[in-house]
Every structure is written in structure tokens, then in C-alpha cells.
Amino acid sequence: MSRVKDRKQRRVKMKRRYRDAVRGTANRPRLAVYRSLRHVYAQVIDDDRGVTMVSASTLGKETSDGTANCEAGKRLGKTIAERAKEQGVETVVFDRGGFRYHGVIRAIAEGAREAGLKL
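Presented here is a report on the structure given in the accompanying data block. Treat the numbers as computed from the prediction; the structure is a model and nothing was measured. (Residues numbered from 1 in each chain as written. Predicted model: local features only at pLDDT ≥ 70, side-chain atom pairs only at ≥ 80, totals over all residues. Heavy atoms only, no water.)

1. Some details on the pairing of strand β1 (residues 30–35)
Here is the key point about a regular strand: its side chains alternate between the two faces of the sheet. Filter applied, for reference: Strands qualify as paired when DSSP identifies two bridges or more between them. Each helix is a run of DSSP H or I of at least 4 residues and each strand a run of E of at least 2, with the numbering of both proceeding from the N terminus.
Two strands pair when backbone bridges link them, and β1 and strand β2 (residues 40–46) are joined in this way by six bridges, in the antiparallel orientation. Across the sheet, the residue bridging to R35 is V40, located in β2. In textbook terms, the turn of a hairpin is the stretch between consecutive antiparallel strands, and for β1 and β2 this stretch comprises four residues. Both β1 and strand β4 (residues 93–95) contribute to a ladder of three bridges, which runs parallel. Note that in β4 the partner of L31 across the bridge is F94.

See below:
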């Protein structure tokens, strides 16, 4: 097995373990983050109903500059927080999706906090 597959399997295993502890409700939905090589995606999800309430990514017009760096992550966090507040969401549970809490993932959380969303 190659090192890349081994790393991916480890991340998926950690994600499943982490998801067992993190669950979103209607009062406190889950802010799920996914990072690919080029872009970052964020969703606010109500797990009770199985509905995505709000979503944003670095593919969007207001957050796009063609990169997935920390600056783009911070803009994405602010955008997702503003959209969530429009839907009446004040607090969320942060689901980092098995990724380490640093770099872009951390920037998304910080941007969401700066925009007034409670994590």
C-alpha cells in the first residue's frame, strides 16, 4: 500500500471517530469543513433533519481568488458565518472532518468567530 493511500485511510478513520462525538442539531448545527488540494468547502448541517442549511466554498465569487490559503480560509469563514446568521444560526459545532486544526482549517474557524458565529 502506498503512503498516500495509507494517509487517506488514516484521515478517514479519524474522521469517523471524530464524527461520533460531533453531532449537529437544529439549535446548534454542525459546521463541516472539507479541504481538497485546490479548494476548501464549508457547510452548516442540521443532522437531525439531514439538511444542509448553508454552504460556501472557495469556488464562490466572493471568496474566490483561485487558492486555498489561509486568507481564503478566513474569507470563507466570514462568508459562512454571515450566511448562517441570515438563517438564524448563532452557535455551531465545528467539524474539522479529520483534518488537523491548523492552517486553512484554523483560518475558517477564526473567520467564522470574527463574523460573530460561536463555535
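2. Regarding helix α3 (residues 104–114)
Stated precisely, the cut-off is as follows: Burial classification: accessible surface area is computed with a 1.4 Å probe over protein chains only, and a residue below 20% of its type maximum counts as buried, one above 50% as exposed, and the rest as partly exposed.
Listed in full, the buried residues belonging to α3 are V104, I105, A107, I108, A109, G111 and A112. Positioned one or two residues after α3, G116 has a phi angle of 100°, which is positive.

3. As for the packing of aromatic side chains
Where two aromatic rings form a pair, the distance of their centres and the angle of their planes describe that pair. Which entries qualify depends on this criterion: Only rings of Phe, Tyr and Trp enter the pairing, Trp through its six-membered ring, and a pair is recorded when the two centres are within 6.5 Å. The plane angle decides the type: under 30 degrees is stacked, over 60 is edge-to-face, the rest tilted.
Inspection of the entire model under this criterion finds three aromatic pairs. Both rings, one in Y34 and one in F99, keep their centres 5.9 Å apart while their planes meet at 65°; by these two values the pair is edge-to-face. Placement of Y34 in strand β1 and of F99 in the loop between β4 and α3 is noted, with a sequence separation of 65 residues between them. Ring geometry for F94 and Y101: centres 6.1 Å apart, planes at 85°, overall edge-to-face. Here a set of aromatic residues connected by ring pairs shows up, and it is made of Y34, Y41 and F99.

4. Brief notes about the sheet that holds β2
Using the following cut-off: Every axis in this analysis is a line fitted to C-alpha atoms, fitted for helices over the stretch in contact. Angles between the N-to-C directions lie between 0 and 180 degrees. Any two residues having at least one pair of non-hydrogen atoms within 4.5 Å are treated as being in contact.
One open sheet holds the four strands; their spatial order is β3-β2-β1-β4, and the pairing between them is mixed. Only two strands of the sheet have a single partner each, and these edge strands are β3 (51–57) and β4. Geometrically, the sheet is characterised by an average inter-axis angle of 20° between neighbouring strands, direction not taken into account. Sheet contacts for helix α2 (residues 70–86): β1, β2 and β3; angle to β3, the most-contacted strand, approximately 145°. Across the sheet, α3 touches β1, β2 and β4, and the angle it forms with β1 is around 145°.

5. Considering the layout of surface pockets
To be explicit about the condition: Residues are said to line a cavity or pocket when one of their atoms sits within 4 Å of a point; the points come from a 1 Å grid over protein atoms alone, cavities being sets where a 1.4 Å probe fits but cannot get out and pockets being open sets with protein on both sides within 12 Å along at least five of seven lines. Grid points are joined across faces, edges and corners, and a volume is the space filled by probe spheres set on the points. When residues are sorted by character, Ala, Val, Leu, Ile, Met, Phe, Trp, Tyr, Cys and Pro go into the nonpolar class, Asp, Glu, Lys and Arg into the charged class, and all the rest, Gly among them, into the polar class.
Roughly 690 Å³ of volume is contained in the largest pocket. The wall of the largest pocket is formed by 17 residues, among which R7, K8, R11, R35 and F99 lie closest to the centre. Elements that contribute at least two residues to the lining of the largest pocket include exactly α1 (3–21), β1 and α3. Ranked by residues supplied to the lining of the largest pocket, first place goes to α1 with six residues. Class assignment for the residues of the lining of the largest pocket results in seven nonpolar, four polar and six charged. For the second largest pocket, the calculated volume is near 170 Å³. Lining the second largest pocket we find 13 residues, and of these K15, R30, A32, V33 and Y34 sit closest to its centre.

Distances and angles like these do not, on their own, reveal function.
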